Every structure is written in C-alpha cells, then in structure tokens.
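The chain contents come next:
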Amino acid sequence: MDYTIDRYPSEDSPRLGAMVLHPTPESVPRARRWFRKFIAPYNPACSVDDCVLMISELVTNAISYGQADEPWRVRVEWFRERTSLRVEVHNPGFLANVRLRCPDANDAHGRGLLLVDSIAESWHSGPSRFGGTVVSFVVADAWPV
C-alpha cells in the first residue's frame, strides 16, 4: 500500500485529517488529491489551490531531501486552530536543515519554500514529534470567526 489516510479524526482534536505516504514521486499528486478531498467537507474560506500548491512543494522537499537509516514515510497532517489552518509535513529520519534559498534565475530548483513563504501567513521548521523534521505553514482566516 502506498499511503494511509486518517478519515475519522477525533471530535475533541483540532486535527482534521492526516495521510502517510511512501517517499516516492507518485505521492506528490496523491497528497494533492487527498487533501482536496478531505478538506472539502470543512468548507474552508481560504484558497484550497494555494494550500495544495504549498503541500505539493513541502511533500516534494520531504521526498527529495529526506533520508533515514531505516524505511521511512512522509506524514501530512492538517489542523483547524480557531480561524486558521495549519498543515504539517513530517519527514522522519535525520533532522534536516531547512532554509530559504535564493536561487539564480537559471536554477531548476530551490523555490518551494519561497512559494510557501510568500503565500502562507507563516511557516516553521524544526524537530518532528515523530523524529526527523517537520515543516508547517499557517493560513490565516481559513474559516469565518
């Protein structure tokens, strides 16, 4: 199986959903499709297209730069925090040094976090509670007050 989905989050949890993906290129479009499907019932007021773009960039980065001694997975979780949406992309394994890059015009890579930085209200990286690294972003005013 290439992925697992948490379709039924606990009612007392702010987590709206989660998915666990193999670190393969096919997981990027899968993450986009499943996020769209499982966020739709919550009727967010924010741009789902923007969220899908940011998820795509972060899952791509997790797959491209993640590494571990044992088999690993990429975990994506999304939460409602009052009126905001927070999305986390976890890459268990070794702690990664996540930073904004300033690519040259001819560079083929290095713009993913720049996109996240320009679209999201905020973003953060650090140690994941699953081990390894988490990169998250917040979209403000995702739901009315």
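Calculation rules
- Residues numbered from 1 in each chain as written.
- Predicted model: local features only at pLDDT ≥ 70, side-chain atom pairs only at ≥ 80, totals over all residues.
- Heavy atoms only, no water.
- Axes fitted to C-alpha atoms, helices over the stretch in contact; angles between N-to-C directions.
- Helix = DSSP H or I, 4+ residues; strand = E, 2+ residues; numbered from the N terminus.
- Parallel < 35°, antiparallel > 145°, perpendicular 65-115°, else oblique.
- Left-handed = near helix turned anticlockwise from the far one by under 90°.
- Contact = heavy atoms within 4.5 Å.
- Nonpolar A, V, L, I, M, F, W, Y, C, P; charged D, E, K, R; others polar.
- Disulfide = S-S within 2.5 Å.
- Buried < 20%, exposed > 50% of the residue type's maximum accessible area, 1.4 Å probe, protein only.
- Polar contact = N/O pair within 3.5 Å; in protein donor to acceptor, adjacent residues only side chain to side chain.
- Core = buried A, V, L, I, M, F, W, Y, C linked by side-chain atoms within 4.5 Å.

1. Here we look at the packing of helix α2 (residues 48–65) against helix α3 (residues 112–119)
Item 1. At their nearest, the axes of α2 and α3 sit 9 Å apart, and the two run at 150° to each other. Judged on the interaxial angle alone, α3 and α2 are roughly antiparallel. Two packed elements cross with a definite hand, and for α2 against α3 that hand is left-handed. Only G112, L113, L115, V116 and I119 of α3 make contact with α2, whose side of the interface consists of D50, L53, M54, E57, L58 and N61.
Item 2. Of the residues assigned to the contact of α2 with α3, the class counts are seven nonpolar, two polar and two charged.

2. Comments concerning the state of the cysteines
Item 1. Tallied over the entire structure, the rule returns zero disulfides.
Item 2. There is no disulfide at C46, and the cysteine sulfur nearest it, in C51, is 4.0 Å away.

3. Structural notes on the side chain of N91
Item 1. Relative to the helices and strands, N91 is located in strand β4 (residues 84–91).
Item 2. The buried category is assigned to N91, whose relative accessible area is 9%.
Item 3. Side-chain polar atoms of N91 contact the backbone oxygen of A62, separated by 3.3 Å.

4. Concerning the environment of F79
Item 1. Tracing the backbone through its elements, the reader meets F79 in strand β3 (residues 74–81).
Item 2. For F79, a relative accessible area of 8% translates into the label buried.
Item 3. Distance in space between the C-alpha atoms of F79 and P14 is 5.3 Å, their sequence separation being 65 residues.

5. Structural notes on the nonpolar core
Proteins that are soluble and globular tend to have nonpolar side chains buried together.
Item 1. By size, the foremost hydrophobic cluster in this structure holds 33 residues, and its most contacted members are F35, V59, V76, W78, L85 and F137.
Item 2. Breaking this core down by element, the ones donating at least two residues are β2 (15–21), α1 (27–39), α2, β3, β4, α3 and β6 (133–139).
Item 3. A per-element tally of this core places α2 first, with eight residues.
Item 4. Those residues within four positions of W78 in sequence are excluded, and the remaining contacts are P14, R15, L16, G17, A18, M19, F35, F38, I39, L85, R86 and V87.

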